[in-house]
Amino acid sequence: MIDASLPVAMFDSGVGGLTVLHECLVALPQEDYVYLGDTAWFPYGTRDPERLRDRIALITEDLLERGVKLVVIACNTATAIGEDVVREVAAGYGVQVVPVVQPQAEIAAAITENRRIGVLATTNTVESGAYRRALEAQGRALEVIEVAAPRLAPFIQDGSLFDEETMEMARGYCAPLREAGIDTLILGCTHYPLVAPMLQRILGRNVRLVSGGHAVAAAVQRTLTRAGLARTGDEEGAYEFFCTGPIADFREVATRFLQMPLGEVRQIEFADRGRPSVCRADGAV
Ligand code: DGL
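In short, a report on the structure. Keep in mind that this is a model prediction, so the values were computed, not measured.

Analysis parameters
- Residues numbered from 1 in each chain as written.
- Predicted model: local features only at pLDDT ≥ 70, side-chain atom pairs only at ≥ 80, totals over all residues.
- Heavy atoms only, no water.
- Pairing = 2+ DSSP bridges.
- Helix = DSSP H or I, 4+ residues; strand = E, 2+ residues; numbered from the N terminus.
- Axes fitted to C-alpha atoms, helices over the stretch in contact; angles between N-to-C directions.
- Salt bridge = Lys/Arg side-chain N within 4 Å of Asp/Glu carboxyl O.
- Buried < 20%, exposed > 50% of the residue type's maximum accessible area, 1.4 Å probe, protein only.
- Polar contact = N/O pair within 3.5 Å; in protein donor to acceptor, adjacent residues only side chain to side chain.
- Contact = heavy atoms within 4.5 Å.
- Near = heavy atom within 4 Å.
- Areas by Shrake-Rupley, 256 points an atom, 1.4 Å probe, with all protein chains shown as cover.
- Phe/Tyr/Trp six-rings, centres within 6.5 Å; stacked < 30°, edge-to-face > 60°.
- Lys NZ or Arg CZ within 6 Å of the ring centre and 35° of its normal.

Looking at the sheet that holds strand S7 (residues 184–188)
Sheet strands associate in pairs through backbone hydrogen bonding, adopting either a parallel or an antiparallel arrangement. Sheet architecture is open: four strands sit in the order S6-S5-S7-S8, paired in parallel fashion. With one partner strand each, in any of the chains shown, strand S6 (143–148) and strand S8 (208–210) form the two edges of the open sheet. Each strand axis lies, on average, 25° off the axis of its neighbour in the sheet, ignoring direction. In terms of strand pairing, strand S5 (residues 116–121) meets S7 through five bridges, oriented parallel. Bridge pairing in S7 links Leu120 to Leu187.

As for the pattern of salt bridges
Using the criterion set out here, one finds twelve salt bridges in the structure. Close ionic contact of Glu240 with Arg266 constitutes a salt bridge, the shortest N to O distance being 2.4 Å. With Glu240 in strand S9 (residues 239–243) and Arg266 in strand S10 (residues 265–267), the pair connects residues that are 26 residues apart, well separated along the chain. For Glu240, a relative accessible area of 28% corresponds to the partly exposed category.

Considering the side chain of Asn76
With respect to the helices and strands, the residue Asn76 is situated in helix H3 (residues 76–91). A polar contact is formed between the side chain of Asn76 and the backbone nitrogen of Thr190, at a distance of 3.0 Å. For Asn76, the contacting residues outside a window of four places in its chain are Val100, Val101, Gln104, Thr125, Tyr131, Leu187, Gly188, Cys189 and Thr190.

Some points on the site of the ligand
Contacts to the ligand come from 14 residues, most closely from Ser13, Tyr44, Gly45, Asn76 and Thr77. Interatomic distance of 2.6 Å between a side-chain N/O atom of Ser13 and an oxygen atom of the ligand. Within the side chain of His191, one N or O atom sits 2.8 Å away from a nitrogen atom of the ligand. Notes on the ligand: free accessible area 300 Å², of which the protein chains cover 99%.

Observations regarding the sheet that holds S9
Across the sheet, which stays open at both edges, the six strands sit in the order S4-S3-S1-S2-S9-S10 with parallel pairing between neighbours. Only two strands of the sheet have a single neighbouring strand rather than two, namely strand S4 (96–98) and S10. Going across the sheet, the axis of each strand differs from the next one's by a mean of 25°, ignoring polarity. In this structure, S9 lies alongside S10, joined through three bridges in parallel fashion.

Here we look at the environment of Glu127
Considering the arrangement of structural elements, one finds Glu127 in helix H5 (residues 123–128). Taking the C-alpha atoms as reference points, Glu127 and Ile111, separated by 16 residues in sequence, lie 25 Å from one another.

Observations regarding the packing of aromatic side chains
Evaluated as defined, the whole model comprises four aromatic pairs. Relative to Phe241, the ring of Tyr35 has its centre 5.7 Å away and its plane inclined at 55°; by these criteria the two rings are tilted. Taken together, the residues span a long stretch of sequence, with Tyr35 in strand S2 (residues 33–37) and Phe241 in strand S9 at a distance of 206 residues. The exposure class assigned to Tyr35 is buried, which follows from its relative accessible area of 1%. Of the residues examined, Phe241 reaches a relative accessible area of 0% and is grouped as buried. Relative to Phe250, the ring of Phe241 lies with its centre 6.1 Å away and its plane at 50°, an arrangement referred to as tilted. An identical accessibility class is assigned to Phe241 and Phe250; each is buried. Within the aromatic cluster, the residues linked to one another by ring pairs are Tyr35, Tyr239, Phe241 and Phe250. In this structure, Arg47 packs its charged tip against the face of Trp41, placed 4.6 Å from the ring centre. Lying across the ring of Phe242, Arg66 places its NZ or CZ 4.0 Å from the centre.

Below is the structure:
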């Protein structure tokens, strides 16, 4: 039985989804949250899509088994590659799903003035064509310039995001976007808001950056309210964290990015559940 007292679940390949969690903590402070960072399988952006879909199903099932009232896919790559998988698994539990791609596409299409929208995302996300389809469905004639940035999320996840090397890398990825004269850039990976100041400096003030967090928090609010599952009252909710890689690594980077105490972080070993062909504890595919 799904009821309003249950937590909202969200997952990402690592710490990127914390940019989504933070927006939800601000917009819906009375809710409880369960966050799972699949750090043993990071990065999703370059994983084999078919195996990633299996992994995403496993993660979703794990969260649902904990008893949650909503699943937020706080990862663009997981949304692009496996949104249908998450929906299918969640439907079996009668739980709704909020993804990241669609809400961002709606905002970007609404705010662009010159109709040239850039998408910076992982290789898997770009190759899936998820943003292109979502933008085309907005009913405006838009020029979409997609750039795959395979190295950017790993740099951020490692915690080396403010290095000169990251800046140089970002310059390279932004070059075709500058050339195309975009006025709106979709940050198509939940890790990228963490380097937004860098991207804004490279692209200039006139380019508007659209990250997922704000739009997703609004979608979570709408979905819970419509379903009669939103919590009321002034009491601040709790949050808890799970990761699949080493706890100390997750704690260090996640605390730095969330800028709040994490509390207890627990590790999940999917390999122990007898599905080694889908996931090995060492993260190898
Ligand atoms: N945070 C993930 C996303 O939103 C990407 C990082 C990765 O695992 O490659 O796409």
